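One-letter residues, chain by chain:
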Amino acid sequence: MDTISLLQHYWWFLVSLLGALLVFLLFVQGGQSLLFTIGKTELQQKALLNSTGRKWEFTFTTLVTFGGTFFASFPLFYSTSFGGAYWVWMLILLCFVLQAVSYEYQAKKGNLLGRKTYQVFLILNGILGPVLIGTAVGTFFNGANFVVNKANLTDVGMPVISSWAPYFGIQLHGLEAALNPWNLLLGLALFFLARILALLYFINNINENEIRTRSRKRLIIETALFLVFFLTFLVHLLLQDGFAVDPSTKEVFLQPCKYFMNLFEMPIVLAVLLAGVAGVLFGIVRTVISSAWTKGIWFAGTGTVLTVLALLLCAGWNDTAYYPSLADLQSSLTIENSSSSLFTLKAMSIVSLLIPFVLAYIIYAWRALDLRKIDAGEMEDSEQTY
């Protein structure tokens, strides 16, 4: 493997890791969607909002970093997807803007819309955020409707490489992804996973017996729904034709059971996937059967990161097109034909050496915020709560 190929694989690993961390941090959205399900009194709802409210910046920052890393390392994906499927990304951005505004203004006295309106905004973010992100990620496996023509760079009037193809004669600019049931299935699986992680986080972070008891009971329902959607998506993914790349000719073609073969041709990735699934299930099962155990979020959270990391690595490594084109198969994007130059990848790799220090700061800030469990007494102090 030459230098540029090694760096392309390295940066796809980093992009996949950021995507996996983002999925874990979507427990904030999951918690918002459960506001009125778990919180039956105003004080309980306040505790739930403060539990997720102290972490929403981590989710938003990771989303922005994920997009920025994709732009720097694989700019052709950024220009193709963000420039063509912009309705999907604009809706995702709108959801997170609503979240930021709601946390900032819901508790302020005299706000025009009222506290309940901002809480409804948070619930909308909690539902639409994970579903839209999951639907967008589903296109990594099921394809999107675009065409890439690098010869357009010589067109002085319109030097646009990528263009979005119409869907049955209509320009939907990414919204057609939601019409693919398998994309939507992944979005729903991500939604219920976010709710599972939120319930586990509430159990760990809020020192209130009613909330913990209600969260444990709800965990069974959310887990059952998640398993239905996720296992259906996973089985279909492993059995479907995948978008493979001929290493010699660089031609993209459909290969039966491509993602299934990727796992067995990359045994370390398979081990990561199995460890991740085991971690999620262990965190859930032990939390349900043990009323005194509160650390399920860390096992399920770590398992979530490992599982999503393995799936995203399957989408980009081992001669696989990570962003397939349904309009023109040979326009499909790979980590090779969409990456930055060797110089850019090298320069960014040097900067990436600072990542461990950033992670150390995040862990420190997280621990500082969770130093004291949320309880009723703290919620009565309105000056320090949302």
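Residues numbered from 1 in each chain as written. Predicted model: local features only at pLDDT ≥ 70, side-chain atom pairs only at ≥ 80, totals over all residues. Heavy atoms only, no water.

**Some points on the overall build of the protein chain**
Then comes step 1: A count of helices and strands for the protein chain gives 16 helices and four strands.
Then comes step 2: Taken over the C-alpha trace, the protein chain has a radius of gyration of 22 Å; the compact-globule value for 386 residues is 21 Å, and the two agree within 12%.
Then comes step 3: Expressed along its principal axes, the backbone C-alpha trace of the protein chain runs to roughly 65 × 45 × 45 Å.
Then comes step 4: A burial count over the protein chain gives 51% of its 386 residues as buried. (Helix = DSSP H or I, 4+ residues; strand = E, 2+ residues; numbered from the N terminus. Rg over C-alpha atoms; globule rule 2.2 N^0.38 Å. Buried < 20%, exposed > 50% of the residue type's maximum accessible area, 1.4 Å probe, protein only.)

**Regarding the pairing of strand S4 (residues 252–256)**
Then comes step 1: Here strand S3 (residues 241–245) runs beside S4; their pairing, made up of five bridges, is antiparallel. For Ala244, the partnering residue across the bridge sits in S4 and is Phe253.
Then comes step 2: In sequence, S3 turns back onto S4 through a hairpin of six residues, with Lys250 there showing a positive phi of about 65°. (Pairing = 2+ DSSP bridges.)

**Details of the packing of helix H4 (residues 42–53) against helix H9 (residues 181–205)**
Then comes step 1: Between H4 and H9, whose axes approach to 11 Å, the crossing angle comes to 105°. Comparing their axes, H9 and H4 come out roughly perpendicular. In this structure, H4 uses Leu48, Ser51 and Thr52 to contact H9, whose residues at the interface are Tyr201, Phe202 and Asn205.
Then comes step 2: Taken together, the residues of the contact of H4 with H9 break down into three nonpolar, three polar and no charged. (Axes fitted to C-alpha atoms, helices over the stretch in contact; angles between N-to-C directions. Parallel < 35°, antiparallel > 145°, perpendicular 65-115°, else oblique. Contact = heavy atoms within 4.5 Å. Nonpolar A, V, L, I, M, F, W, Y, C, P; charged D, E, K, R; others polar.)

**A word on unusual backbone geometry**
Then comes step 1: Unlike most non-glycine residues, Asn318 shows phi in positive territory, near 60°.
Then comes step 2: The phi dihedral of Asp319 is positive, around 55°, even though this residue is not glycine.
Then comes step 3: Assignment of secondary structure puts Asp319 in the loop between helix H13 (296–316) and helix H14 (342–351).
Then comes step 4: A relative accessible area of 39% means that Asp319 is categorised as partly exposed.

**A look at the side chain of Asn125**
Then comes step 1: By the element assignment, Asn125 lies in helix H8 (residues 115–142).
Then comes step 2: For Asn125, the contacting residues outside a window of four places in its chain are Gln29, Gln32, Cys95, Phe96, Gln99 and Pro130.

**Here we look at the nonpolar core**
Then comes step 1: Counting 103 residues, the largest nonpolar core has Trp12, Phe70, Phe74, Tyr322 and Tyr323 as the members making the most contacts within it.
Then comes step 2: Take this core: its biggest share by element is 15 residues, from H9.
Then comes step 3: In this structure Tyr323 touches Phe77, Thr80, Ser81, Thr139, Phe140, Ala144, Phe146, Trp164, Ser332 and Leu333, once residues within four positions along its chain are discounted. (Core = buried A, V, L, I, M, F, W, Y, C linked by side-chain atoms within 4.5 Å.)

**Brief notes about a nonpolar patch on the surface**
Then comes step 1: A cluster of nonpolar side chains, namely Tyr86, Trp87, Met90, Leu91, Leu93, Leu94, Val97, Val101, Tyr105 and Leu175, defines an oily patch on the protein surface of about 870 Å² accessible area.
Then comes step 2: Along the polypeptide, Trp87 turns up in helix H7 (residues 86–105).
Then comes step 3: Classification of Trp87 by relative accessible area gives partly exposed; the value is 43%. (Patch = residues over 30% accessible without salt bridge, like charges linked within 9 Å, V, L, I, M, F, W, Y side chains within 5 Å. Areas by Shrake-Rupley, 256 points an atom, 1.4 Å probe, with all protein chains shown as cover. Salt bridge = Lys/Arg side-chain N within 4 Å of Asp/Glu carboxyl O.)

**A word on the state of the cysteines**
Then comes step 1: This model, assessed by the stated rule, comprises zero disulfides.
Then comes step 2: Summary of cysteine pairing: Cys314 is not part of a disulfide, and the nearest cysteine sulfur, belonging to Cys257, is at 13 Å.
Then comes step 3: Cys314 sits in the buried class, given a relative accessible area of 4%. (Disulfide = S-S within 2.5 Å.)

**Quick look at H9**
Because each turn of an α-helix spans 3.6 residues, side chains separated by three or four positions in sequence point in the same direction.
Then comes step 1: End to end, H9 covers 35 Å across 25 residues, agreeing with the expected 36 Å (1.5 Å per residue, within 8%).
Then comes step 2: With 21 of its 25 residues buried, H9 lies for the most part within the structure.
Then comes step 3: Where H9 begins, the capping side chain belongs to Asn180, and its oxygen is found 2.9 Å from the backbone nitrogen of Trp182. (Expected span 1.5 Å × (residues − 1). Polar contact = N/O pair within 3.5 Å; in protein donor to acceptor, adjacent residues only side chain to side chain.)

**Thoughts on the packing of aromatic side chains**
Then comes step 1: A full pass over the atoms with the stated rule returns 43 aromatic pairs.
Then comes step 2: Centroid distance Phe77 to Phe82: 6.2 Å. Interplanar angle 85°. Geometry classified as edge-to-face.
Then comes step 3: Between Phe191 and Phe192, the ring centres sit 5.0 Å apart and the planes meet at 65°, which makes this aromatic pair edge-to-face. Neither Phe191 nor Phe192 differs from the other in exposure class; each is buried.
Then comes step 4: One cation-aromatic arrangement involves Lys55 over Trp366; the distance from NZ or CZ to the ring centre is 4.9 Å. (Phe/Tyr/Trp six-rings, centres within 6.5 Å; stacked < 30°, edge-to-face > 60°. Lys NZ or Arg CZ within 6 Å of the ring centre and 35° of its normal.)

**Considering the side chain of Gln240**
Then comes step 1: On the secondary structure map, Gln240 appears in the loop between helix H10 (209–239) and S3.
Then comes step 2: Assessed through its relative accessible area of 11%, Gln240 is described here as buried.
Then comes step 3: If near-sequence neighbours (up to four positions away) are discounted, Gln240 is found in contact with Phe141, Asn142, Gln255, Pro256, Cys257, Lys258 and Tyr259.

**Comments concerning the pattern of salt bridges**
Then comes step 1: As enumerated under the stated definition, the model contains four salt bridges in all.
Then comes step 2: In this structure, the salt-bridge partner of Glu222 is Arg195, at a minimum N-O distance of 2.9 Å. Taken together, the residues Glu222 in helix H10 and Arg195 in helix H9 connect sequence positions 27 residues apart. An identical accessibility class is assigned to Glu222 and Arg195; each is buried.

**Observations concerning helix H12 (residues 267–289)**
Then comes step 1: With 23 residues, H12 extends 33 Å between its outermost C-alpha atoms, agreeing within 8% with the 33 Å of an ideal straight helix rising 1.5 Å per residue.
Then comes step 2: Taken together, the buried positions of H12 are Val269, Leu270, Leu273, Gly276, Gly279, Val280, Gly283, Ile284 and Thr287.
Then comes step 3: Looking at the buried residues of H12, the elements they touch are H9, H10, helix H11 (258–265) and H13.

**Quick word on the environment of Leu313**
Then comes step 1: Within the fold, Leu313 resides in helix H13.
Then comes step 2: Residue Leu313 is classed as buried on the basis of its relative accessible area of 6%.
Then comes step 3: Leu313 sits 299 residues away from Leu14 along the chain, and the two C-alpha atoms are 9.9 Å apart.
Then comes step 4: When near neighbours in sequence (up to four residues on either side) are disregarded, Leu313 contacts Trp12, Phe13, Ser16, Met266 and Val269.

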